[in-house]
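# Descriptive analysis of the structure
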Amino acid sequence: MEPDVKTFMSGSPISVDATESALGALDLMVDHGIRHLPVVDRSRRVVGVLTFDDLRAAFPQAISLREPPPASDRFEMRDVSVGEVMTYAPVTATVDTPLDQAAGLLAERRIGCLPILDEQGRLEGIITEVDMLQALATLLWTQRKNDASQEARPAVTLIDTLRSERDHILVQLGKYEEHEQEITERRRGGGLDLVEQGAEVTEAEFTEELAELAARRLQSLDHAIERAEDGKLGHCESCSGRIPAARLRALPGATRCIRCARRSETPS
Ligand SMILES: [Zn+2]
């Protein structure tokens, strides 16, 4: 099952309404140690988001999340209302939004939280950057556990991966070759001035370089597939320890584990 925001959001979040004082909102943030407050109307529809950074930008006084503003500042701060400093029509998500999509929204829009709405568009939860990091940590941990249980039969899955990559490279090599031919024909056709000829040469060289890299990768894939068919793939030639599947996926030609490979590269 794909992870969605529901698993990682905070439900029933603390919220404020736009007519409340910004100072009161700041006190809420300090009390609860939070940096984001959804702003809702009477029917709990989200109309905005107020962040600690909004307040810091709005108040001339220095404010902190660690302690409420001193009495001497409070008098001057009391007249600002939430509606004057919040962000209107914030980006939101629903409980069914896939987690990766929500993370993408936070990153692309450079925002610190997403209010999460229910089917009627009412506030149901909130997901923040910190929640997202928590999710990432959890998912990476789960993935590592799954990878570890797959290590037991690496040859079967890995050899399939290598073969399918090999097929892709063959297709790609064909495309490079076609492209090189096109360039050759264009140059033979004549009618190009010096600048155009120069551009064609550069492109031809670049394509050739790409083709060379692909051919090299193909060679190491062939080698790896051969080793896999012999049942030798996944074991280090030097220490006969296991080479992790991730290393073989990145470097199919690897015949040694990373430790032995490093040791041999270190000048003695
Ligand atoms: Zn080794």
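Above this text you will find the structure in question.
Predicted, not measured: the structure shown is a model, and the values here were computed from it.

A few words now on the overall build of the chain. Tallying secondary structure elements over the chain gives eleven helices and seven strands in all. What you see for the chain is a C-alpha radius of gyration of 29 Å, clearly larger than the 18 Å of a compact globule of 268 residues, by over 25%. Expressed as lengths along the three principal axes of its C-alpha atoms, the size of the chain is roughly 75 × 60 × 50 Å. Of all 268 residues assigned to the chain, the portion counted as buried reaches 34%. Nonlocal contacts in the chain, meaning residues at least 24 apart in sequence, comprise 59% of its contacts between residues at least 6 apart. Summing over all exposed atoms, the chain offers an accessible surface of approximately 17,000 Å²; the carbon and sulfur share of this is 51%.

Right, let's talk about the pairing of strand β6 (residues 113-117) for a bit. Most of β6 sits out of view: five of its five residues are buried. Side-chain alternation along β6 places Cys113, Pro115 and Leu117 on one buried face and Leu114 and Ile116 on a second face that is also buried. Examined bridge by bridge, strand β5 (residues 93-94) and β6 share two bridges and lie parallel to one another. Across the sheet, Ala93 pairs through a bridge with Ile116, a residue of β6. Pairing geometry for β6 and strand β7 (residues 123-128), over five bridges, is antiparallel. When the sheet's bridge partners are listed, Cys113 is paired in β7 with Thr128.

This part takes up the sheet that holds strand β1 (residues 10-11). As summarised here, the arrangement of the four strands in space is β1-β7-β6-β5, forming an open sheet in which the pairing is mixed. In the strand order of this sheet, the two ends are held by β1 and β5, each with one partner. The sheet contact formed by β1 and β7 spans two bridges and is antiparallel. Bridging across to β7, Gly11 finds its partner in Gly125.

Take the coordination of the zinc ion next. All of the protein donors around the zinc ion are Cys236 (SG), Cys239 (SG), Cys257 (SG) and Cys260 (SG); their distances to the metal are 2.2 to 2.4 Å. Relative accessible area serves as the criterion here: at 3%, Cys236 is assigned to the buried category. Looking at Cys260, the relative accessible area reads 7%, which means it is buried.

With that out of the way, let us pick up the nonpolar core. Ranked by internal contacts, the top residues of the largest apolar core, which has 20 residues, are Leu162, Ile169, Leu173, Leu233 and Leu248. If you list the elements that add at least two residues to this core, you get α8 (154-189) and α9 (194-229). Here this core takes seven residues from α9, the largest share from any one element. Setting aside anything within four residues of it in sequence, one finds Leu162 in contact with Leu221, Ala224, Ile225, Leu233, Leu248 and Pro252. Within the second largest apolar cluster, 18 residues are counted, among which are Val16, Leu23, Val30 and Val85.

Moving on: a nonpolar patch on the surface. Together, Leu133, Leu136 and Leu140 make up a nonpolar patch on the protein surface, roughly 300 Å² of accessible area in all. Structurally, the position occupied by Leu136 is in helix α7 (residues 129-150). Relative accessible area serves as the criterion here: at 46%, Leu136 is assigned to the partly exposed category.

Cut-off values and rules
- Residues numbered from 1 in each chain as written.
- Predicted model: local features only at pLDDT ≥ 70, side-chain atom pairs only at ≥ 80, totals over all residues.
- Heavy atoms only, no water.
- Helix = DSSP H or I, 4+ residues; strand = E, 2+ residues; numbered from the N terminus.
- Rg over C-alpha atoms; globule rule 2.2 N^0.38 Å.
- Buried < 20%, exposed > 50% of the residue type's maximum accessible area, 1.4 Å probe, protein only.
- Contact = heavy atoms within 4.5 Å.
- Areas by Shrake-Rupley, 256 points an atom, 1.4 Å probe, with all protein chains shown as cover.
- Pairing = 2+ DSSP bridges.
- Donors = N, O, S within 2.8 Å, 3.2 Å for Na, K, Ca; no water.
- Core = buried A, V, L, I, M, F, W, Y, C linked by side-chain atoms within 4.5 Å.
- Patch = residues over 30% accessible without salt bridge, like charges linked within 9 Å, V, L, I, M, F, W, Y side chains within 5 Å.
- Salt bridge = Lys/Arg side-chain N within 4 Å of Asp/Glu carboxyl O.

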